[in-house]
Amino acid sequence: MADKEPCYHCGLPIPAGVDFAIEIGGQRREMCCAGCQAVAQAIVANGLADYYRHRDAMPESPREALPQIVADFVLFDHPDVQKNFVRRAEGAAGEHEQEAALILEGITCAACVWLNESHVRRQPGVTSIDINYTTRRARVRWDERVTKLSAILEAIAAIGYRAHPYDIGRSEELAQKERKTALWRLFVAGFGMMQVMMYAVPVYLAQVGTEGDMTPDIEQLMRWASLILTVPVIGYSAAPFFVSAWRDLKLHRVGMDVPVALGVGAAFAASVWATLTAAGAVYFDSVTMFVFFLLSGRYLEMMARQKAARSVETLARAIPAFATRLPGWPLSITDIAGERVAVAELRAGDAVQVKPGETVPADGTVLDGESAADESLLTGESRPVPKRAGDTLIGGSVNTASPLVMRVERVGEATRVAAIQRLMERAAAEKPHLVELADRVAAHFIIALLVLAVATALAWWWIDASRALWIFVAVLVVSCPCALSLATPAALTVATGALAARGVLVTRGHAIEAMARADRFIFDKTGTLTVGHMELVAAIPVRGEAAFALSIATALERGSEHPIARALAAGGADAGIEVSAVRAITGEGVEGMIDGHAWRLGRPEFVAALHGLAVPPELPSIVGAGDTVIALGSADGWQAFFRLSDSLRPEAVAMTVGLCAAGIKLSIFSGDAPAAATRVGAALGIADARGGLSPEGKHAAIKALQAAGETVAMGGDGGNDAPVLAQAQVSIAMGGGADLARANADVVLLGNDLQALPGGLALARHTVRIVKQNLVWAFAYNFLAIPLAMAGWVTPWMAGIGMSASSLLVVLNALRLQRE
């Protein structure tokens, strides 16, 4: 009786006497066990039977298609378990949408990614899922009212894969596994190449047929030895080329490995035929040599890519695994026996001791002690920042001097380092226009290359048939679409990490290119060019007492976090006045009802519009030119004017000097009084300082500049700046500004250091120059190398060196940005 075919799902032998068959694609398919049958039924029932047609590898750990841990998935629904990897989805349509970062096990090919994405998207309540094939990371979004995380994990397990919360350790394991596998493939190719050359060199030296130093039977023996030694190189070392090419062809795509696989496969097949027939030339030495050179280049390229992309992972490692919690605080620090706990167990309100040299485990506030913190990883500030009681501590910073006791305020996904990591991941996930263009060019380039290679082979078959094959292989291998596709992303990846180290966080894929092209920088005044800590200089009453006016103003601004609101609150006591129907008008002020009367507080023009009041022409002389003027009015008319002052940031002058030296035109767009904007402009040497602008006015002014052909970069810090930031080609937010401004910005200044901008601009421009150099090199190399190969002046092994060197040069050129 003939042996049964292996299990259609997992590939293992089917035991005798078992029948777990199901119908797939109109044919009866045998399964080895109930688990594989259940998985296959789930795949077919969800209309995903195409998975079996597209896959190019069997599932990993096939006997564990339905693991026992499925019953434990419900644990992941517990809020305490979810707090470190599940968060409220940003930009979600509803408040009930959650997002989780997962890592998938069992992914062996692109078809696995397609299957998982298609299957999970069909689950009720799932709004999106994106899986990165290279990192095996997935970001899943779902509506918590419709489904639970455990249901999503069970759905993934039902088709034979395993998902668990993303962990930096597992990610590093995958990277190490990739490096180890690549190194083994390189070793086998190198060992095979050396051994084959030992047999090829004597044949070349003997010059069979002319001097007769080697008999045909010895030459044939050398060929067979070379064939045996080449088989492991083709079957193991070169396997990724063939697997990738086969997958691309099945999906009706022409990838970058198609010409490589075609060239290597054709040379090996021709050499095998020549060995079997004992006629014709063999190319085993060339095959093993250019496989070795190709793998060498790709290994070095992989190492460079991993080094360039390690900035996000560095942030993930910034938070320590353990911390010293002080359960008995606020006793003396010497009387408390601290307990070592996992950072994941910390809660808001916990007291934690941070010894010198230790990393701060969470965001919080200093309760006791005086020291300094190294925040360079998070803000780019190279000097330790002094810390004393009441100061803020950032998770991931390092205590450098004396012991500190801190109160934990934010942990896990709520910390600043987690927010920075999410923004960097968002930037990495977006493809700038240059990258998309290069990818499209590379796709057409490969098709044109295949046509050229075939045409060259036909021409040489007519000119000199003995040279046609190796020239065909050389044309396929010498070209380097890889360099074309790597030219832009390699430079942008390195630049993103280098900018983050300087305190300039890139959060959008297009930001570096746009910032490099910017020829005008526009800044908001309060909180951007100034420190944002406004102080009440004077309260000038029009009716009644200044104290009463201040109490009304404090009541109207109650609950606001605007710098002006904080300044007024600091200048007057809250008398507990009841205010109803409070409404804040962005960029204008606030209004509300007090004892049945309407009051307004804000820009004089805004207050004047309440009852048709006229702005006093002598107002600047009353309150002092150059200060911010806030008016208070009611139905009875003007009540008071408040004079507020704000100091310039210490680094603002150096920033403007640096940007002007780089040829940048500068402007100030402020909602404050024109006199206040002009005063700041004069101090900074900025002639175009416009005050009294509403958010709509700023928006219109930016559009006018853009219509005139200028590329605008806008810097702001408040929530009212968000729509204006969105209009600019590149938007820059202060790291300490409002969450809304940071979320909508393309670039965030982590350390609130304006002086980082000139350096960031210089690096962005250098990045664009590197990209252009890489693209010029990629095109020049291909336009030069391909004609030489077509003319027969490039051998296959030389082509392998050229292709590898071209890709490696592009990555190494990009890595120069790390030294800037």
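Parameters at a glance
Residues numbered from 1 in each chain as written. Predicted model: local features only at pLDDT ≥ 70, side-chain atom pairs only at ≥ 80, totals over all residues. Heavy atoms only, no water. Helix = DSSP H or I, 4+ residues; strand = E, 2+ residues; numbered from the N terminus. Buried < 20%, exposed > 50% of the residue type's maximum accessible area, 1.4 Å probe, protein only. Contact = heavy atoms within 4.5 Å. Areas by Shrake-Rupley, 256 points an atom, 1.4 Å probe, with all protein chains shown as cover. Core = buried A, V, L, I, M, F, W, Y, C linked by side-chain atoms within 4.5 Å. Pairing = 2+ DSSP bridges. Salt bridge = Lys/Arg side-chain N within 4 Å of Asp/Glu carboxyl O. Expected span 1.5 Å × (residues − 1). Polar contact = N/O pair within 3.5 Å; in protein donor to acceptor, adjacent residues only side chain to side chain. pLDDT = per-residue confidence, 0-100. Phe/Tyr/Trp six-rings, centres within 6.5 Å; stacked < 30°, edge-to-face > 60°. Lys NZ or Arg CZ within 6 Å of the ring centre and 35° of its normal.

Caption draft 1: Main features of the overall build of the protein chain. In terms of regular secondary structure, the protein chain is built from 29 helices and 29 strands. Looking at the 820 residues of the protein chain, the share that counts as buried comes to 50%. The long-range share in the protein chain, meaning contacts at least 24 apart out of those at least 6 apart in sequence, stands at 67%. Of the roughly 36300 Å² of accessible surface on the protein chain, a fraction of 60% belongs to carbon and sulfur atoms.

Caption draft 2: Main features of the nonpolar core. Judged by nonpolar contacts, the single largest core of 47 residues is most densely connected at Phe521, Phe523, Leu529 and Leu659. Residues within four places of Phe523 in sequence aside, it is in contact with Thr528, Leu529, Met655, Leu659, Leu666, Ser667, Ile668, Phe669, Met714, Gly715 and Leu757. Membership of the second largest hydrophobic core comes to 43 residues, among which are Val291, Phe445, Tyr781 and Val794.

Caption draft 3: How the structure looks around the sheet that holds strand β10 (residues 351-354). In spatial order, the strands read β9-β8-β10-β16-β11-β14; together these six strands make up an open sheet with antiparallel pairing. A single partner strand is all that each edge strand has here, and the edge strands are β9 (339-342) and β14 (392-393). Summarising the sheet, strand β8 (residues 322-325) and β9 pair through four bridges and their orientation is antiparallel. Bridged to Arg325 within β9 is Glu339.

Caption draft 4: Expanded view of the pattern of salt bridges. Inspection of the entire model under this criterion finds 21 salt bridges. A salt bridge links Glu339 to Arg325, with the shortest nitrogen-to-oxygen separation between them at 3.1 Å. A residue pair is termed long-range when its members are at least 10 positions apart, and Glu339 in strand β9 and Arg325 in strand β8 qualify at 14 residues. One salt bridge in this structure joins Arg583 and Glu591, with 2.8 Å as the shortest N-O distance. Overall, Arg583 belongs to the partly exposed group, its relative accessible area being 47%. Bridged by salt links that share partners, the residues Arg520, Lys665, Asp688, Arg690 and Glu710 form one connected network.

Caption draft 5: The arrangement of helix α15 (residues 465-478) in detail. When the terminal C-alpha atoms of α15 are compared, their 20 Å separation across 14 residues agrees well with the 20 Å that a helix rising 1.5 Å per residue should span. In terms of burial, α15 is a largely internal element, 10 of the 14 residues being buried. When we look at burial in α15, the residues that qualify are Ala468, Trp470, Ile471, Phe472, Val473, Ala474, Val475, Leu476, Val477 and Val478.

Caption draft 6: Representation of the side chain of Arg600 in the model. Residue placement: Arg600 occurs in strand β22 (residues 597-602). You can call Arg600 buried: its relative accessible area is 13%. Among the polar contacts made by the side chain of Arg600, one reaches the main-chain carbonyl oxygen of Phe606 at a distance of 2.7 Å. Beyond its immediate stretch of four places on either side in the chain, Arg600 contacts Leu556, Val590, Glu591, Phe606, Val607, Ala609, Leu610, Ala631, Leu632 and Gly633.

Caption draft 7: Summary view of the confidence of the model for the protein chain. On average, the protein chain scores 78 in pLDDT, and the residues at 70 or more come to 77%. No element of the protein chain has a lower mean pLDDT than helix α27 (residues 739-744), at 54, and none a higher one than strand β18 (residues 520-523), at 93. Counted against residues more than four places away or in other chains, residues 60-71, with its pLDDT under 50, gives 27 contacts.

Caption draft 8: Quick look at the packing of aromatic side chains. Summed over the entire model, instances satisfying the criterion amount to seven aromatic pairs. Measuring from centroid to centroid gives 5.2 Å for Trp638 and Phe641, while their planes differ by 35 degrees, and the two rings are tilted. Across the pair, exposure class does not vary: Trp638 and Phe641 are buried alike. For the ring pair Trp777 and Tyr781, a centre distance of 5.7 Å and an interplane angle of 35 degrees mean the geometry is tilted. Of the two residues, Trp777 and Tyr781 both sit in helix α28 (residues 756-790), four residues apart, roughly one turn of that helix. For Trp777, a relative accessible area of 33% gives the class partly exposed. Overall, the relative accessible area of 10% leaves Tyr781 in the buried class. Among the aromatic residues, ring-to-ring pairing joins Trp184, Phe187 and Phe191 into one connected group. A cation over an aromatic ring shows up here: Arg185 above the ring of Tyr236, its NZ or CZ 4.7 Å from the ring centre.

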